[in-house]
Amino acid sequence: MAYEPPTHTVERSLRATTGAKIVAGVDEVGRGAWAGPVTVCAAVTGLRRPPEGLTDSKLLTVRRRTELAGELQKWVTSYALGHASHEEIDRMGMTAALRLAAGRALNALPVRPDAVILDGKHDYLGAPWQVRTVIKGDRSCVAVAAASVIAKVQRDKMMAELGGEHAHFGFADNAGYPSPVHKAALEEWGPTPFHRLSWAYLDALPQWRHLKKARSWADGSAPEIEGQLGFDF
């Protein structure tokens, strides 16, 4: 299926309405995984024409995504990655972990952006960043699409390395996301040291449920579960 290529429309609008000169596209990967970090990439591309075939990383084959990530790392003006570990996710919840990872990525750029295009409808960044959220920005905005591809390839590589001593879980194939192989391994072996222990999947594993970490906020609100898949996915 053919998709419309991403454009610089949102970036041009931000430049025109806010006076921003440096605009970063930001996207995350790993939000719905059962294991591993959440990873955020911040990419600055300017207004140049992107490499052929750039789009949302989820729409690309593994081979093409990997090739494109190599091209993008040389093509972008700058990019940086930020991670929030599974322990940080368990401790503070996903929204705060995303904010932490995105802040780490943006602060690691060689030049601080004047504005940020954030994929999705929720601004998890907030002040002091000037943010424009764009639903499906990883498909429509050049800088966000570039960030999407780089983040996905880098996190997949990280998860394959983490899974080296836990081959039964198939991290090299599922990157810590739910899959039949991952589910079967959890039932038999229990969580690895890289699993998110506050996640809902543990509710369906009586033999491992004692490992679950409960999170409760000072205001008494419930832990965030948006984006989590339970065990019967």
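Below: a short report on this structure.

What counts, and at which threshold
- Residues numbered from 1 in each chain as written.
- Predicted model: local features only at pLDDT ≥ 70, side-chain atom pairs only at ≥ 80, totals over all residues.
- Heavy atoms only, no water.
- Helix = DSSP H or I, 4+ residues; strand = E, 2+ residues; numbered from the N terminus.
- Buried < 20%, exposed > 50% of the residue type's maximum accessible area, 1.4 Å probe, protein only.
- Polar contact = N/O pair within 3.5 Å; in protein donor to acceptor, adjacent residues only side chain to side chain.
- Contact = heavy atoms within 4.5 Å.
- Pairing = 2+ DSSP bridges.
- Axes fitted to C-alpha atoms, helices over the stretch in contact; angles between N-to-C directions.
- Arc of directions from axis to C-beta.
- Phe/Tyr/Trp six-rings, centres within 6.5 Å; stacked < 30°, edge-to-face > 60°.
- Lys NZ or Arg CZ within 6 Å of the ring centre and 35° of its normal.
- Salt bridge = Lys/Arg side-chain N within 4 Å of Asp/Glu carboxyl O.

1. Some thoughts on the side chain of Glu-28
- By the secondary structure assignment, Glu-28 is in strand E1 (residues 23-29).
- The class for Glu-28 is buried, based on a relative accessible area of 19%.
- Within the local environment of Glu-28, its side chain forms a polar contact with the side chain of Arg-31, the two groups lying 3.3 Å apart.
- If sequence neighbours within four positions are ignored, Glu-28 has contacts with Val-38, Thr-39, Val-40, Leu-98 and Tyr-124.

2. Section: unusual backbone geometry
- Cis geometry is adopted by the peptide bond preceding Pro-128, which originates at Ala-127 and carries an omega value of 10°.
- Note that Pro-128 resides in the loop between strand E4 (115-119) and strand E5 (131-134).
- One non-glycine residue, Lys-136, adopts positive backbone phi at about 60°.
- Along the polypeptide, Lys-136 turns up in the loop between E5 and helix H5 (137-140).
- Classification of Lys-136 by relative accessible area gives exposed; the value is 53%.
- A positive phi angle, near 55°, is found at Ala-175, a position not held by glycine.
- By the element assignment, Ala-175 lies in the loop between helix H7 (171-174) and helix H8 (180-189).

3. Concerning the sheet that holds strand E3 (residues 78-84)
- Spatial ordering of the open sheet is given by E3-E2-E1-E4-E5, a layout of 5 strands whose pairing is mixed. Each edge of the open sheet carries a strand with a single partner, namely E3 and E5. Strand-to-strand twist across the sheet, computed as the mean angle between neighbouring axes with direction ignored, equals 20°.
- Note: E1 against strand E2 (residues 38-44), 6 bridges, orientation antiparallel. Looking across to E2, one finds that Val-26 is bridged to Ala-42.

4. Considering helix H1 (residues 9-18)
- Val-10, Glu-11 and Leu-14 are the residues of H1 that are buried. Down the axis, H1 shows its buried residues gathered within 100° of arc, on one side only. Away from the buried face of H1 by more than 90 degrees, exposed residues Thr-9 and Ala-16 are located.
- Summarising the contacts, the buried residues of H1 are in contact with E1, E4 and E5.
- A positive backbone phi angle near 80° is found at Gly-19, which sits one or two residues after H1.

5. Describing the packing of aromatic side chains
- Inspection of every chain in the model, using the stated rule, returns 2 aromatic pairs.
- Residues Trp-34 and Tyr-201 carry aromatic rings whose centres are separated by 5.0 Å and whose planes lie at 35° to one another, so their mutual orientation is tilted. Here Trp-34 is found in the loop between E1 and E2, whereas its partner Tyr-201 is found in the segment after H8, with 167 residues between them in sequence.
- Judged by its relative accessible area of 0%, Trp-34 is buried.
- The class for Tyr-201 is buried, based on a relative accessible area of 0%.
- Between Phe-169 and Phe-171 the ring centres are 5.8 Å apart and the planes differ by 45°, which places this aromatic pair in the tilted class.
- On the basis of relative accessibility, which here comes to 4%, the residue Phe-169 falls in the buried class.
- Among the residues examined, Phe-171 registers a relative accessible area of 2% and is labelled buried.
- Directly above the ring of Trp-75 sits Arg-48, whose terminal nitrogen or CZ lies 4.7 Å from the centroid.
- Between the NZ or CZ atom of Arg-112 and the centre of the ring of Trp-129, over which it lies, the distance is 4.0 Å.

6. As for the pattern of salt bridges
- Evaluation of the coordinates by the stated rule reveals 11 salt bridges.
- Glu-67 serves as the salt-bridge partner of Arg-64, at 3.7 Å between the closest nitrogen and oxygen. One end of the pair is Arg-64 and the other is Glu-67, both in helix H2 (residues 62-75) and 3 residues apart, which spans about a single turn.
- Glu-88 is the salt-bridge partner of Arg-104, the closest N and O atoms lying 3.0 Å from each other. Taken together, the residues span a long stretch of sequence, with Arg-104 in helix H4 (residues 94-108) and Glu-88 in helix H3 (residues 86-92) at a distance of 16 residues.
- Judged by relative accessible area, which is 37%, Arg-104 ranks as partly exposed.
- A cluster of three or more residues bridged by salt bridges with shared partners is formed by Arg-63, Arg-64, Glu-67 and Glu-71.

In short, geometric facts, not functional conclusions.
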